[in-house]
Amino acid sequence: MTSDEIRRRFLSFFKARGHAVLPSASLVPENDPTVLFTTAGMQPLIPYLMGEQHPQGDKLVSIQKCVRTGDLEDIGDNRHFSFFEMMGNWSLGSYFKDEAITWSYQFLTSKSEGLGLDPNRLYVTCFEGDTNATKDEKSAEIWFSLGIPKSRIYFLGAEDNWWSPGDSGPSGPDTEMFYDMTKKGLGDLKKHEFLNAMQREDVIEIWNDVFMEFQKKDGKVIGKLKQQNVDTGAGVERITAVMQRKQTAYETDLFESIMKKIDDFSMIDNMKQKRIVADHIRTSVFL
Ligand code: GLY
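Residues numbered from 1 in each chain as written. Predicted model: local features only at pLDDT ≥ 70, side-chain atom pairs only at ≥ 80, totals over all residues. Heavy atoms only, no water.

Overview of unusual backbone geometry
In the Ramachandran plot, Glu201 falls in the positive-phi region, its phi being about 65 degrees despite a non-glycine side chain. With respect to the helices, strands and loops of the structure, Glu201 is situated in the loop between α6 (191-199) and β8 (203-217). The exposure class assigned to Glu201 is buried, which follows from its relative accessible area of 15%. We note that Asp218 has phi near 50 degrees; this positive angle belongs to a residue other than glycine. The residue Asp218 is located in the loop between β8 and β9 (220-235) in this model. Exposure remark for Asp218: the relative accessible area of 61% places this residue in the exposed category. (Helix = DSSP H or I, 4+ residues; strand = E, 2+ residues; numbered from the N terminus. Buried < 20%, exposed > 50% of the residue type's maximum accessible area, 1.4 Å probe, protein only.)

Comments concerning the packing of helix α8 (residues 256-265) against helix α9 (residues 271-286)
At a closest axis distance of 10 Å, the pairing of α8 and α9 adopts a crossing angle of 120 degrees. Considering their axes alone, α8 and α9 lie oblique with respect to each other. Every pair of crossing elements has a handedness; the one defined by α8 and α9 is right-handed. On α9, the residues that touch Ile258, Met259, Ile262 and Asp263 of α8 are Met271, Lys274, Arg275, Val277, Ala278 and Arg282. When the residues that make up the contact of α8 with α9 are grouped by side-chain class, the tally is six nonpolar, no polar and four charged. (Axes fitted to C-alpha atoms, helices over the stretch in contact; angles between N-to-C directions. Parallel < 35°, antiparallel > 145°, perpendicular 65-115°, else oblique. Left-handed = near helix turned anticlockwise from the far one by under 90°. Contact = heavy atoms within 4.5 Å. Nonpolar A, V, L, I, M, F, W, Y, C, P; charged D, E, K, R; others polar.)

What to know about the side chain of His80
Mapped onto the elements of the fold, His80 is located in the loop between β2 (59-67) and β3 (83-92). Within polar-contact distance, the side chain of His80 engages the side chain of Asp77 at 2.7 Å. Not counting chain neighbours up to four residues away, the residues in contact with His80 comprise Asp71, Asp74, Ile75 and Tyr250. (Polar contact = N/O pair within 3.5 Å; in protein donor to acceptor, adjacent residues only side chain to side chain.)

Overview of the pairing of β2
Side-chain direction in a regular strand flips from residue to residue, so the side chains alternate between the two faces of the sheet. For β2, the tally of buried residues reaches seven of nine residues, placing the bulk of the element in the interior. With three bridges connecting them, strand β1 (residues 20-22) and β2 associate as parallel partners. Within β2, the residue paired with Val21 across the bridge is Val61. (Pairing = 2+ DSSP bridges.)

Topic: the environment of Leu186
One can find Leu186 in the loop between β7 (169-180) and α6. You can call Leu186 partly exposed: its relative accessible area is 26%. Residues Leu186 and Glu237 lie 51 residues apart in sequence; the distance between their C-alpha atoms is 23 Å. With residues up to four places along the chain from it excluded, the contact list for Leu186 reads Tyr123, Asp180, Ala197, Asp202 and Val203.

Quick word on the nonpolar core
As a rule of thumb, soluble globular proteins bury nonpolar side chains together. By size, the foremost hydrophobic cluster in this structure holds 52 residues, and its most contacted members are Leu108, Trp143, Ile206, Ile239 and Phe255. Ranked by residues supplied to this core, first place goes to helix α3 (residues 97-109) with six residues. With sequence-adjacent residues up to four places away left out, Trp143 is seen in contact with Ile101, Tyr105, Val124, Cys126, Ile148, Ile153, Thr175 and Met177. (Core = buried A, V, L, I, M, F, W, Y, C linked by side-chain atoms within 4.5 Å.)

A word on the packing of helix α1 (residues 3-15) against helix α7 (residues 236-243)
The relative placement of two packed helices is expressed as an angle between their axes plus a distance between the axes. Running from N to C, α1 and α7 cross one another at 115 degrees; their axes reach a closest spacing of 10 Å. The interaxial crossing formed by α1 with α7 has right-handed handedness. For the pair formed by α1 and α7, the contact residues are Ser3, Ile6 and Arg7 on the first element and Val236, Ile239, Thr240 and Met243 on the second. For the contact of α1 with α7, the per-class residue count stands at four nonpolar, two polar and one charged.

Shown next as structure tokens:
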């Protein structure tokens, strides 16, 4: 499946479920002096996640171009990019965990409307709970009801399963979806085996659903937001690598022409350096 087809399917899937399609906002934030670049799909939506009414309604979908300078030192590995596109669907106080998780699962696995991925290669993580929020049993139950075995649902702490765009703003616990990238398939994994597979990049995170109902200020959760929101994020680059059965997005149609030009013009034969140049060219062009 080409990256264009992945983008097209994502937008039509959520449009058919009542979401208004938004264009990607500018990479230079228009009304947010707190950040230099748009770093996440939710960034242009912060006022609406905080409770303002969005002119297009309470269910939105977009593919947002993002630049994350925080990941610069990791560029060249299998999964970080300074420029990337984030597919996301949002509920602004409309649906919550049931619909968000069900739709994520359906989009990932449906052959006709979604990506047709193998459900036997999926693993999910949920928030294990702390002083800010209780253990997310609800998300785990929904995953189980959709067919994910309990042995492939792991509970992790805030460092893995709590998402916020920075020290202040809307935030919340999330559930994350991982896909087995190995040829053979890893099968059932105990928690420590799953964590090792994550380290080895044998399983990679392909999507997160953030249940954004908390507000953070100066690094601390200070209370609940006016409404329960959903903020999801699936990177086009990682999903394209999965769909085109490549180890990295650099080998997919997203990077093919850039990598070829670098080969034509340069003397670089170190793969990591080639990837860094390709990533930075793309970022510069879009900025
Ligand atoms: N959904 C949050 C993010 O990964 O951008």
